[in-house]
Amino acid sequence: YNPPVRTAPRAANATHPPRSTQPFAAIMNTLMRAPVVAPASCAAPAHRRSSAALSRPAKTPMASSRSATTTCASRSETASTSRRAHLASIALAPLAAGMLVPAAPALADTECTECSNSNSSLAPGDVPFVQSPSGARFADLRVGDGATPTPGQTVVIEWVGYTAGYQAKKIESTRETDTPFVFTIGKGQAIPAFEEAVLEMRQGGIRRIEIPGELEEKLAYSRDPAQRYTVGPVPTTFGGKRALDFVLDNKTLKDFNRTLLFDIRLSNIRK
């Protein structure tokens, strides 16, 4: 156990040491002109010399004096130059700091105009998206060979969805739940992007839908939790609904973080 260290309280009438009233330039000038004290080795007495130095041949008094004077002068000049360079670097530090150009903000801290567009990062062989007038983007992964549905008909859709703009978490897959999404076209039962997508599909076809985050509320789900799931597809699992709710409700996310991606298959058209 280490008891806490107690410090004596400051007296009521205690005062801080007086500060210098000289301007900064005068202080620096004084420091630069201060005399340099010679190193102790230059003035060391003869009895402190090492035995190795004593064993060397003695020089003439004039030569020894001249050598010592040259060495001490060189050391004094080196010390003075080093100190002046150090003081100059201290004086110029604030000026150099003020001249630094601030770094550009990170991409995550700015509005990214291409982050919600998968066409900006297609790999070789990927099918590019085609943007519709509504702003939704479609890519036909497989073109069906059946009929094309019309408004008023009921369609059966198998689907898988992802929060593509934020960690690409799976929302749900009908292959795992075995509960296809069934809706009637034109009745407001599906999100607008689904209605638009199936009207251009043929039965048996597979279409990929990318909903840009900035258009998510227009083409997909409402930001109002009370109105969100009045249209489908509605996730049936707790994990899927939590993943979708997180990107729609989180106020700290950027718009492109709310980009959604769906793969849908038009399995059947009911009369």
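See the structure printed just above.
In this report, we go over the structure that sits alongside the text. Nothing here was measured: the structure is a model prediction, and the numbers come from that model.

### A look at the overall build of the chain
What the chain contains, in helices and strands, is 8 helices and 7 strands. Within the chain, the fraction of its 271 residues that count as buried is 29%. In the chain, 71% of the contacts between residues at least 6 apart in sequence involve partners at least 24 apart. Entry remark: accessible area of the chain is about 18100 Å², with carbon and sulfur atoms responsible for 57%.

### A closer look at the side chain of Thr-184
If you trace the backbone, Thr-184 turns up in strand 5 (residues 181-184). Residue class for Thr-184 comes out buried when judged on its relative accessible area of 14%.

### Here we look at the pairing of strand 4 (residues 169-173)
Sheet topology note: the strand 3 (residues 154-163)/strand 4 ladder contains 4 bridges and is antiparallel. Of the residues in strand 4, the one forming a bridge with Gly-161 is Glu-172. Between strand 3 and strand 4, which pair antiparallel and follow one another directly, the connecting turn spans 5 residues, one of which, Gln-167, has a positive phi of 65°.

### Re the nonpolar core
With 31 residues, the main nonpolar core has Ile-157, Phe-194, Ile-209, Ile-211, Phe-262 and Ile-264 as its most contacted residues. Elements with a contribution of two residues or more to this core: strand 3, strand 5, helix 5 (192-198), strand 6 (206-211), helix 8 (238-249) and strand 7 (260-270). Residues in contact with Ile-157, not counting those within four places in the same chain, are Pro-180, Phe-181, Phe-183, Phe-194, Val-198, Ile-264, Arg-265 and Leu-266.

### Details of the environment of Val-156
When you line up the elements, Val-156 lands in strand 3. Setting aside its immediate chain neighbours within four residues, Val-156 contacts Pro-180, Phe-181, Val-182, Arg-265, Leu-266, Ser-267, Asn-268 and Arg-270.

### Some remarks on the packing of aromatic side chains
As enumerated under the stated definition, the model contains 6 aromatic pairs in all. Grouped by ring-pair contacts, the aromatic residues Trp-159, Phe-181, Phe-183, Phe-194 and Phe-262 constitute a single cluster. The residue whose ring lies beneath Lys-241 is Tyr-229, and the NZ or CZ to ring-centre distance is 5.1 Å.

### Quick notes on the pattern of salt bridges
Within the structure shown, the criterion is met by 10 salt bridges. For Asp-263, the salt bridge is made with Arg-208, and the minimal N-O distance between the two is 2.7 Å. Here Asp-263, found in strand 7, pairs with Arg-208, found in strand 6; they are 55 residues apart in sequence, far enough to count as distant. One salt bridge connects Glu-216 with Arg-223, and the closest N-O pair in it is separated by 3.3 Å. Beyond isolated ion pairs, a larger network of salt bridges with shared partners links Asp-140, Glu-200 and Arg-207.

### Concerning helix 8
With 12 residues, helix 8 should cover 16 Å at 1.5 Å per step; its first-to-last C-alpha distance of 16 Å lies within 8% of that length. Among all positions in helix 8, only Gly-240, Ala-243, Leu-244, Val-247 and Leu-248 are buried. End-on view of helix 8: buried residues confined to an arc of 125°, all on one side of the axis. In this structure, helix 8 carries Phe-238 and Arg-242 as exposed residues pointing more than 90 degrees from its buried face.

### Re unusual backbone geometry
Note the cis peptide between Gly-232 and Pro-233, where omega equals 5°. By the element assignment, Pro-233 lies in the loop between helix 7 (225-228) and helix 8. Despite not being glycine, Gln-167 shows a phi value in the positive range, around 65°. Turning to its location among the elements, Gln-167 is positioned in the loop between strand 3 and strand 4. Relative accessible area serves as the criterion here: at 53%, Gln-167 is assigned to the exposed category.

### Observations concerning the side chain of Asp-263
Judged by relative accessible area, which is 18%, Asp-263 ranks as buried. One polar contact links Asp-263 to Arg-208, side chain to side chain, over a distance of 2.7 Å. Among all residues touching Asp-263, those that are not within four sequence positions of it are Leu-141, Glu-158, Trp-159, Val-160, Arg-207 and Arg-208.

### Brief notes about the environment of Tyr-162
In this fold, Tyr-162 is placed in strand 3. Residue classification places Tyr-162 among the partly exposed positions, given a relative accessible area of 29%. Between the alpha carbons of Tyr-162 and Gly-240 there is a distance of 9.1 Å; along the sequence they are 78 residues apart. Beyond its immediate stretch of four places on either side in the chain, Tyr-162 contacts Ala-168, Lys-169, Lys-170, Ile-171, Thr-259, Leu-260 and Leu-261.

Rules of the game
Think of each chain on its own: its residues are numbered from 1, step by step along the sequence as written. pLDDT decides what is reported in this predicted model: residues at 70 or higher carry local features, side-chain atom pairs at 80 or more are listed and counted, and totals for whole chains, interfaces and linings draw on all residues regardless. Derived side-chain values reflect all non-hydrogen atoms in the structure, with water molecules and hydrogen atoms excluded from consideration. What counts as a helix is a DSSP run of H or I of at least four residues, what counts as a strand is a run of E of at least two, and both are numbered from the N terminus. Per-residue accessibility, obtained with a 1.4 Å probe over protein chains only, is compared with the maximum for each type, and a residue is labelled buried under 20%, exposed over 50%, and partly exposed between these values. Should any heavy atoms of two residues lie within 4.5 Å, those residues are considered in contact. Areas reported as accessible are Shrake-Rupley estimates using a 1.4 Å probe. Residue values count occlusion only from the protein chains shown. For two strands to be treated as a pair, DSSP must find no fewer than two bridges joining them. Take the buried Ala, Val, Leu, Ile, Met, Phe, Trp, Tyr and Cys residues and link them wherever side-chain atoms come within 4.5 Å; each set so joined is a nonpolar core. The criterion for an aromatic pair is that two Phe, Tyr or Trp rings (for Trp, the six-membered ring) have centres within 6.5 Å, with stacked assigned to planes under 30 degrees apart, edge-to-face to planes over 60 apart and tilted to the rest. The criterion for a charge sitting over a ring is simple: Lys NZ or Arg CZ within 6 Å of the ring centre, and within 35 degrees of the ring normal. A side-chain nitrogen of Lys or Arg and a carboxyl oxygen of Asp or Glu constitute a salt bridge if their distance falls within 4 Å. The span you would expect from a helix comes to 1.5 Å times its residue count less one. For this quantity, the arc is that covered by the directions from the helix axis to the C-beta atoms. Two N or O atoms form a polar contact when they lie within 3.5 Å of each other; inside protein one atom must be a possible hydrogen donor and the other a possible acceptor, and for residues adjacent in sequence the pair counts only when both atoms belong to side chains.

Geometric values such as these leave the question of function open.
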